[in-house]
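Working through the structure, step by step
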Amino acid sequence: MSNSSIRDTFFEECEELLEALVEGLAAMEENASDMEVVNAVFRAVHSIKGGAGAFALDRLVNFAHTFETVMDKVRSKQLAVDEELMLLFHRSGDQLADLVEAARDEREPNAESEAAILKELSAYLGDVKSEEEIAFDAAPLAFDAAPLALDIGEHDPPTGTELRRFDIRFCPTPALYANGHEPLLLFDALAELGPLSVTADLSRLPEFDRFDPEDAVIDWRLTLLTSEDETVLHEVFEFVDALCDLEIAVSDEPVVAVDEPPLDSRASQDLPAPTDRAALAEPKAQEDVTPPPSAKTATASAPRDEPRGPRPTLRVDLDRVDRLINTVGELIINQAMISQRIEELELPAVAHLTNELEAYKLLARDIQEGVMAIRAQPVKPLFQRMSRIVREAAEVTGKKVKLVTVGDSTEVDKTVIERLADPLTHMVRNAVDHGLERPEKRAELGKDTTGAIRLSASHRSGSVFIEIADDGAGLNRARILEKAIEKGLVSPEAELSEQEVDNLLFLPGFSTAAEVSNLSGRGVGMDVVKNAVAALGGRVSITSSPGAGTTFTIVLPLTLAVMDGFVISIADQTMVIPIASIIETIRPNPRDLHCIGTDGEVISVRGAYVPIVDVARNLGLSSERADSSGVLLLVSTEGQGLTALRVGAIHDQRQVVIKSLESNYGAIAGVSAATILGDGKIALILDPDELVKLTPAAIFLPPASPPRPELRHA
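Residues numbered from 1 in each chain as written. Predicted model: local features only at pLDDT ≥ 70, side-chain atom pairs only at ≥ 80, totals over all residues. Heavy atoms only, no water.

Brief notes about the side chain of arginine 75
To be explicit about the condition: A helix here means a DSSP run of H or I that spans at least four residues, while a strand means a run of E at least two residues long, and both kinds are numbered starting from the N terminus. Here a residue-residue contact requires only that any non-hydrogen atoms of the pair lie within 4.5 Å.
In this fold, arginine 75 is placed in helix 3 (residues 58-75). When near neighbours in sequence (up to four residues on either side) are disregarded, arginine 75 contacts Met35, Val38, Asn39, Phe42, Glu230, Thr231 and His234.

What to know about a nonpolar patch on the surface
The criterion, for reference: Residues with no salt bridge and a relative accessible area higher than 30% make up the patches, which join like charges within 9 Å and nonpolar side chains (Val, Leu, Ile, Met, Phe, Trp, Tyr) within 5 Å. Working definition of accessibility: Shrake-Rupley area with a 1.4 Å probe, residue cover restricted to the visible protein chains. By salt bridge we mean one thing: a side-chain nitrogen of Lys or Arg within 4 Å of a carboxyl oxygen of Asp or Glu. For each residue, the accessible area found with a 1.4 Å probe, counting protein chains only, is set against the maximum for its type, and the residue is called buried under 20%, exposed over 50%, and partly exposed in between.
On the surface, Leu345, Leu347 and Leu353 cluster together to form a nonpolar patch covering roughly 270 Å² of accessible area. Tracing the sequence through the fold places leucine 347 in the loop between helix 13 (318-345) and helix 14 (351-375). With relative accessibility at 46%, the residue leucine 347 sits in the partly exposed group.

So, the pairing of strand 15 (residues 573-578)
Rules: One bridge is not enough; two strands pair if DSSP finds at least two bridges between them.
As judged from the six bridges shared by strand 14 (residues 562-570) and strand 15, these two strands associate in the antiparallel manner. Residue pairing in the sheet places serine 569 in a bridge with threonine 574 of strand 15. Linking two consecutive strands that pair antiparallel, namely strand 14 and strand 15, is a turn of two residues; a positive phi of about 55° is found at alanine 571 within it. Pairing of strand 15 with strand 24 (residues 682-686), which is carried by two bridges, proceeds in the parallel orientation. Paired with valine 576 across the strands is isoleucine 685, a residue of strand 24.

With respect to unusual backbone geometry
With phi around 55°, glutamate 106 is a residue other than glycine that occupies positive phi space. Among the secondary structure elements, glutamate 106 is positioned in the loop between helix 4 (83-105) and helix 5 (111-124). For glutamate 106, a relative accessible area of 66% corresponds to the exposed category. With a phi angle near 50°, arginine 606 is a residue other than glycine that sits in the positive phi range. With respect to the helices and strands, the residue arginine 606 is situated in the loop between strand 18 (600-605) and strand 19 (608-614).

A short note on empty space enclosed by the protein
Under the convention used in this document: Method remark: on a 1 Å grid restricted to protein atoms, a set of points is classed as a cavity if a 1.4 Å probe fits but cannot get out and as a pocket if it is open with protein on both sides within 12 Å along at least five of seven lines; lining residues have an atom within 4 Å of a point. Grid points are joined across faces, edges and corners, and a volume is the space filled by probe spheres set on the points. The nonpolar class holds Ala, Val, Leu, Ile, Met, Phe, Trp, Tyr, Cys and Pro. Asp, Glu, Lys and Arg form the charged class, and all remaining residues, Gly among them, are polar.
Evaluated as defined, the whole model comprises two cavities of 30 Å³ or more. For the largest cavity, the calculated volume is near 60 Å³. Around the largest cavity, the lining residues are Ile332, Ile333, Ala336, Arg654, Gln655, Val656, Val657, Thr675, Ile676, Leu677 and Gly678. For the lining of the largest cavity, the secondary structure elements donating two or more residues are helix 13, strand 22 (649-657) and strand 23 (671-676). Top element by residues in the lining of the largest cavity is strand 22. It accounts for four residues. Split into classes, the residues belonging to the lining of the largest cavity amount to seven nonpolar, three polar and one charged.

Structural notes on the sheet that holds strand 12 (residues 539-545)
Basically, it comes down to this: An axis is simply a line fitted to the C-alpha atoms; with a helix, the fit covers only the stretch in contact. Between two such axes, the angle follows the N-to-C directions and lies from 0 to 180 degrees.
One open sheet holds the five strands; their spatial order is 8-10-11-13-12, and the pairing between them is mixed. Edge positions in the sheet fall to strand 8 (400-406) and strand 12, since each has one partner strand and no second. Direction aside, the axes of adjacent strands within the sheet are offset by 15° on average. The pairing of strand 8 with strand 10 (residues 450-460) spans seven bridges and is classified as parallel. From the neighbouring strand, valine 401 faces strand 10, where its bridge partner is glycine 451. The sheet contacts of helix 15 (residues 380-397) involve strand 8, strand 10 and strand 11 (463-470), and relative to strand 8 the element is tilted by about 170°.

Focus on the packing of aromatic side chains
Here is the rule: Any two rings among Phe, Tyr and Trp, with Trp reduced to its six-membered ring, count as a pair given centres within 6.5 Å; such a pair is stacked if its planes are under 30 degrees apart, edge-to-face if over 60, and tilted if neither. A ring is considered to have a charge above it if a Lys NZ or an Arg CZ atom is located within 6 Å of its centre and within 35 degrees of its normal.
Overall, the coordinates contain six aromatic pairs when judged by the stated rule. Geometrically, the ring pair formed by phenylalanine 170 and phenylalanine 237 is tilted, given 5.4 Å between the ring centres and 45° between the ring planes. With phenylalanine 170 in strand 1 (residues 162-172) and phenylalanine 237 in the loop between helix 9 (230-236) and strand 4 (244-251), this residue pair connects regions lying 67 residues apart in the sequence. Taken together, Phe170, Phe187, Trp220 and Phe237 form an aromatic cluster joined through their ring pairs. The ring of phenylalanine 42 has arginine 75 sitting right over it, with the charged end atom 4.0 Å from the ring centre.

Things to note about the nonpolar core
Quick note on the threshold: Within this scheme, the nonpolar core is defined by two criteria: the residues are buried Ala, Val, Leu, Ile, Met, Phe, Trp, Tyr or Cys, and they are joined through side-chain atoms within 4.5 Å.
Residues Ile466, Ile468, Ile554 and Leu556 are the most contacted members of the largest nonpolar core, which totals 44 residues. Of all the secondary structure elements, the ones that give two or more residues to this core are helix 15, helix 16 (414-435), strand 10, strand 11, helix 18 (477-486), helix 20 (526-535), strand 12 and strand 13 (549-557). Tallying contributions element by element places helix 16 first for this core, with nine residues. Other than its neighbours up to four places away in sequence, isoleucine 554 contacts Leu420, Met427, Val464, Phe465, Ile466, Ile468, Val533, Arg539 and Val540. Counting 38 residues, the second-largest nonpolar core is a separate cluster that includes Val41, Ala64, Val70 and Val100.

Description of the packing of helix 16 against helix 20
Note the cut-off: Relative orientations are named as follows: roughly parallel for angles under 35 degrees, roughly antiparallel for angles over 145 degrees, roughly perpendicular for angles from 65 to 115 degrees, and oblique for any other angle. A crossing counts as left-handed when the near helix is turned anticlockwise from the far one by less than a right angle, and as right-handed when that turn is clockwise.
Direction vectors running N to C along helix 16 and helix 20 enclose 150°, while the axes themselves pass 9 Å from each other. Judged on the interaxial angle alone, helix 20 and helix 16 are roughly antiparallel. Crossing angle aside, the handedness with which helix 16 passes helix 20 is left-handed. Taken together, the residues of helix 20 that come into contact with helix 16 (itself represented by Arg419, Pro423, His426, Met427 and Asn430) are Met526, Val528, Val529, Ala532 and Ala535. Across the contact of helix 16 with helix 20, the residue classes break down as seven nonpolar, two polar and one charged.

With respect to the pairing of strand 17 (residues 593-596)
Relative to strand 18, strand 17 is paired through four bridges, and the arrangement is antiparallel. Bridge pairing in strand 18 links leucine 593 to isoleucine 603.

Here's the deal with the sheet that holds strand 15
In spatial order, the strands read 22-14-15-24-23; together these five strands make up an open sheet with mixed pairing. Edge strands, defined here as strands with exactly one partner in the open sheet, are strand 22 and strand 23. Sheet twist, expressed as the mean angle between neighbouring strand axes with direction ignored, is 35°. Sheet analysis places strand 14 next to strand 22, joined by eight bridges and oriented antiparallel. When the bridges of strand 22 are listed, valine 567 appears paired with aspartate 652. Against the sheet, helix 13 makes contact with strand 14, strand 22 and strand 23, and its axis sits at roughly 145° relative to strand 22, the strand it touches most.

The quantities given are spatial measurements derived from coordinates; they are silent on function.
See below:
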């Protein structure tokens, strides 16, 4: 493997370690006394430092070392975690991520921010440095490589030295030996730290005829007396941490060093003789492998059949996955073509042929779902990124804000996650800046002075729902309408519903901010959100209650490659409409159809009048008004709410492969994409929201005068 490949692998692992760091810091906020969480945060920083040192990323090593030193004082209970220190840890995690990104992109990081955080960290170490000293520390350092010497000689601590007792459980996995590691070398390194006792646990050793030489069946129990702290012990096992189960328990009671017998004699006393077959086959007594009651476990134990650590993963070039997805798409098209050809043959009903064809269809769907799952990723990294946005926005606005995440394990297509980062950033900033009140105002209203931003993700009705909610003042609709009229975006005579007023926020150039700040006031942001979400085939909606807060809901397709749709006829054309956008289908009764004005038409649905959109006329496929013999598809649109789309007929429901029109042809009003049908023909995929926009607005707006217009039966 080339050095470049190893370096790339290091930065990929850094992404995972930084995610674990953010998650650990969030858990520390809830319970800073949980040593397992503190240890997890420490290990993440320490692992980044260790890898960075191998590539001579000295600036990153220096910062991570200072960070982990402060964290080590928390682990050893020399430093109590308060709100101020917790905030510093969050900022240090952000700075560490910036340094990793700068090292990966081979650019200079923000030295001013780095020096400021280093100074704050150093203050907790009782070593407040000047800016010149911090700048010197942050500068690239020169290290002379020295060979690692593992001396098996005995370590003799001075008599009377206060030592700490560590009980270590070390259980190698077969991968440890497959990677060329040798436990004896690890024991030699531990022996250099102080008197060491080693015991082999042979309880899992099988009979001779069932012995597998490639398996790892010997576990080890070690007792170490040393004046070093636990960090040094973890450094010994650093390169095999993912290849073993490791537990380190430390005794609370100090031990005074005494003369110990040599390591070899201690080991010989604990290990059974190799010729004693009965001793080898008999499991050791339970008291021999259990840490003493005074020991405090530093790392959570795990059952043997459920090893700790991250699940094994395989990194694959994204281009290969895309090619596989395209191939599966062609497979689905091929399955549709075969079904079409068999129908055209008009063969007599043959049960086994029908069953085999249905099995092929289900198999193609299973393969497609499996391949799409490869691209699917949890939204957790995206949500974690928003925690930094919340902290920075809160600092700028002087507000107290906490971020609550729900459903961060929800999986979404990787492309969706990448393209959703910017719009989500705008919405979170707006929630902090515009949504939440200042602490003193919240106190007057009887609210908690710390506002809450809630990010949630879930799968519903074949779509991904992402909600950004705040518990602030809610939308000031009167102020929004006033600003829109002032900017000439809305006529003063316009009568708008609450939903229409809320949607004014998405207009380009619209802002209610009184002055321009670092966060808002320039009239950009929410229109970017709407355009970005629309480009992903999704929509944004708003719900708000005065004094209770505002919720923005983003609805996105699960995947951008395949979808379920209705095959419909429009005039003499065959088209497809996404099932996810359809609420219900209606075969209209003439009694429920009514004309409004000269060209409008509505249908009465359970006591409410819903406007009807003639799809054929809007697309220019027919100039005449359609009769009432068609089918109505009731959909919910972003701009007009419930709307009924009139189509000729519904022919089938099937899975279709989405083909982009903009990259292959160009944008078409009312159409989002295209697909290939079973007969080889191209069918356009309709966009209900865009279709509604092509309709004259007169049939949607409420009447200008109080009297209600007379409705005539069609």
